Amino acid sequence: MDRVSNLEWRGLLQDCTNRKAIVELSSADSFYVGYDPTAPSLQLGNFVPMIVSLHLARSGLRCIQLFGGATGAIGDPSGRRTERQLLTRETITSHVENHKRIVCSIFDRAGVKAEVVDNFEWTRDLSVMDFLRDVGKHFTVNYMLQKDSVQLRLGEEGMSFTEFSYMLLQAYDFSHLLQTEQCKLQIGGSDQWGNITAGLELIRKKGIGDAYALSIPLLLDSQGRKFGKSAEGAIWLDPKYTSPYRFHQFWLNVEDSDVVRYLKVFTFLSAPEIEELGKALATSPEKREAQRMLADLVCELVHGKEATALAKRSAEVLFGGSLDGFNEQELSDIFSEVPSSEMLRSQCAPLSVIDLFVSTGLSKSKGEAKRLIQNGGGYLNNERVTDGEQSASGLSGSRSLILLRSGKKSYHLIRIAD
């Protein structure tokens, strides 16, 4: 299967120009995809072009990952009804460095070499006059007005000249990389098609070589919702913003109707391997084998094997596993959705374990709490309580969290404040 057919089979191809030429690109040729530093971390939407990049790199093309130190200072208007707030140079630099770290770690785990560039390097000394003569001269206003990103905004509140010029900067990137890195292919999301083809237009007008474009479809789940969002918001690739546990859980909770499609998109499993997982899903959906494989493979690629193993252990904690080895931030994250309350350490000290069960509502009375514990159904930090009369003063020690459990699933997290 050639490189384009592989992407097509996996659901990663929307449009491309000159399919035959893209298939025939050699190992001397390169391709690129860009990421603008609009947030501190990249998110799952950015992960899709990374996966496409890994497939193309494995097919023999040189891989360039571009970070928008320049374009990020403008803000891409594509798909937006309002103008972005401009970021400071310090913020942009910080975001770019974090994005580079994320992308490079993922590519290292995939065993793929990527060349990293920042378009601020070749635009910082570009004068307005030179830009207008060398780039702006090759575009008509009529051509730019036809782009969807512009049409959407003209029908709303309008667009500043700053954002209107964004496609010219991206076009300039493509022409620069073609001339300096033999970069003949740009890839990006389908919402970037107007910007990408503007690059082709500039290259054609300047007569500097052959170049091609490939776009990736917008991923939607089976309910028609934009992929990469949870009830809490975006799923980030930086563990500081979305922990490996939550990241793993996101994939583990994928609907049966979506999981086979996501295995094609986000893993490098072969067609026979995915077919087998599809059969297992059809015959024993309750085992969630396909979801487990998806969650493990994607989490390992993004966060590594060690973090993935810890994420899986974190899930076990919810079903009574040991709390040993988890710090308070990790525990707080694992139990973020269970009922919780706050208590001063001085308030907690005079109470017994039975008192805690009553005060948190896990038991209606002291008598009920006592019977619960006598019958082996009361747990403290996932360990069975044998003496309900013991003082709570030494339970937390220096910890600021106490986890109570009644039976198998009724939890309450107490946050201890000094």
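See the structure shown above.
Criteria and thresholds
Residues numbered from 1 in each chain as written. Predicted model: local features only at pLDDT ≥ 70, side-chain atom pairs only at ≥ 80, totals over all residues. Heavy atoms only, no water. Pairing = 2+ DSSP bridges. Helix = DSSP H or I, 4+ residues; strand = E, 2+ residues; numbered from the N terminus. Core = buried A, V, L, I, M, F, W, Y, C linked by side-chain atoms within 4.5 Å. Buried < 20%, exposed > 50% of the residue type's maximum accessible area, 1.4 Å probe, protein only. Contact = heavy atoms within 4.5 Å. Axes fitted to C-alpha atoms, helices over the stretch in contact; angles between N-to-C directions. Polar contact = N/O pair within 3.5 Å; in protein donor to acceptor, adjacent residues only side chain to side chain. Parallel < 35°, antiparallel > 145°, perpendicular 65-115°, else oblique. Nonpolar A, V, L, I, M, F, W, Y, C, P; charged D, E, K, R; others polar. Right-handed = clockwise from strand over helix to strand, strands pointing away. Expected span 1.5 Å × (residues − 1). Salt bridge = Lys/Arg side-chain N within 4 Å of Asp/Glu carboxyl O.

### Concerning the sheet that holds strand β11 (residues 383-384)
Reading across from one edge, β9-β13-β12-β10-β11 is the order of the five strands in this open sheet, with mixed pairing throughout. The outermost strands of the open sheet, each flanked by one partner alone, are β9 (340-344) and β11. The sheet contact formed by strand β10 (residues 378-380) and strand β12 (residues 401-406) spans three bridges and is antiparallel. Looking at β12, one finds that Gly378 is bridged to Ser406.

### Things to note about the nonpolar core
Among the nonpolar cores identified, the biggest contains 61 residues, and Phe47, Leu185, Leu237, Trp251 and Phe266 are the most heavily contacted of them. Here the element with the most residues in this core is helix α3 (residues 44-58); it accounts for nine residues. The contact partners of Phe266, leaving out residues within four places of it in the chain, are Phe47, Val48, Ile51, Leu219, Phe227, Trp251, Leu294 and Val298. Counting residues in hydrophobic clusters, the runner-up holds 31 residues, among them Phe139, Met167, Leu168 and Leu177.

### Overview of the sheet that holds strand β4 (residues 115-118)
Where strands meet in a sheet, backbone hydrogen bonds hold them as pairs that are either parallel or antiparallel. With mixed pairing, six strands are arranged side by side in an open sheet as β1-β6-β5-β2-β3-β4. Only two strands of the sheet have a single neighbouring strand rather than two, namely β1 (15-16) and β4. The sheet contact formed by strand β5 (residues 183-189) and strand β6 (residues 212-216) spans five bridges and is parallel. Within β6, the position partnered with Leu185 by the bridge is Tyr212. The strands touched by helix α10 (residues 166-181) within the sheet are β2 (30-35), β3 (62-67), β4, β5 and β6, with β5 carrying the most contacts at an inclination of about 145 degrees. Its contacts with the sheet place helix α11 (residues 193-206) against β1, β5 and β6, and it is angled at close to 175 degrees to β6.

### Describing the environment of Ser365
Assignment of secondary structure puts Ser365 in the loop between α19 (353-359) and α20 (366-374). For the pair formed by Ser365 and Asp355, sequence separation is 10 residues and the distance between their alpha carbons is 8.8 Å. For Ser365, the side chain forms a polar contact with the main-chain nitrogen of Glu368, separated by 3.1 Å.

### Points about the side chain of Gln65
Along the chain, the position of Gln65 falls in strand β3. Within the structure, Gln65 has its side chain in polar contact with the side chain of Tyr35 (distance 2.5 Å). Ignoring sequence-local partners within four residues, the contact set of Gln65 consists of Val33, Tyr35, Met50, Ser53, Val103, Phe107, Ala114, Glu115, Val116 and Val117.

### Remarks on the packing of helix α13 (residues 256-266) against helix α14 (residues 271-283)
For any two helices packed against each other, one specifies the inter-axial angle together with the distance between the axes. The N-to-C vectors of α13 and α14 enclose an angle of 170 degrees; their axes lie 10 Å apart at closest approach. Considering the angle they form, α13 stands roughly antiparallel to α14. Seen from α13, the contacting residues are Asp256, Val259, Val260, Leu263 and Lys264; seen from α14, they are Ile274, Leu277, Gly278 and Leu281. In terms of residue class, the contact of α13 with α14 is built from six nonpolar, one polar and two charged.

### Considering the pairing of β6
Of all five residues that make up β6, five are buried, and the element is covered over most of its length. One ladder, built from two bridges, connects β1 with β6; its direction is antiparallel. Bridge assignment links Cys16 to a residue of β6, and that residue is Leu214. Handedness of the β-α-β unit built from β5, α11 and β6 comes out right-handed.

### Some words on α11
For α11, with 14 residues, the first-to-last C-alpha span of 20 Å sits near the 20 Å given by 1.5 Å per residue. Looking at α11, one finds that the buried residues are Asn195, Ile196, Thr197, Ala198, Gly199, Leu200, Glu201, Leu202 and Ile203. On the buried face of α11, the contacting elements are α6 (128-134), α7 (141-145), α10, β5 and β6. One or two positions beyond α11, positive phi appears at Gly207, with a value near 65 degrees.

### Here's the deal with the pattern of salt bridges
In total, this model carries 16 salt bridges according to the counting rule given. The salt bridge involving Lys100 is made with Glu97; its shortest N-O contact spans 3.6 Å. Taken together, the positions of Lys100 and Glu97, both in helix α4 (residues 89-110) and three residues apart, correspond to about one turn of that helix. In this structure, Lys279 and Glu275 form a salt bridge, with 3.9 Å as the shortest nitrogen-oxygen distance. Of this pair, Lys279 and Glu275 both sit in helix α14, separated by four residues, roughly a single helical turn. In this structure Lys279 comes out as partly exposed when scored by relative accessible area, which is 43%. Sharing partners across several salt bridges, the network here consists of Arg62, Glu115 and Glu181.

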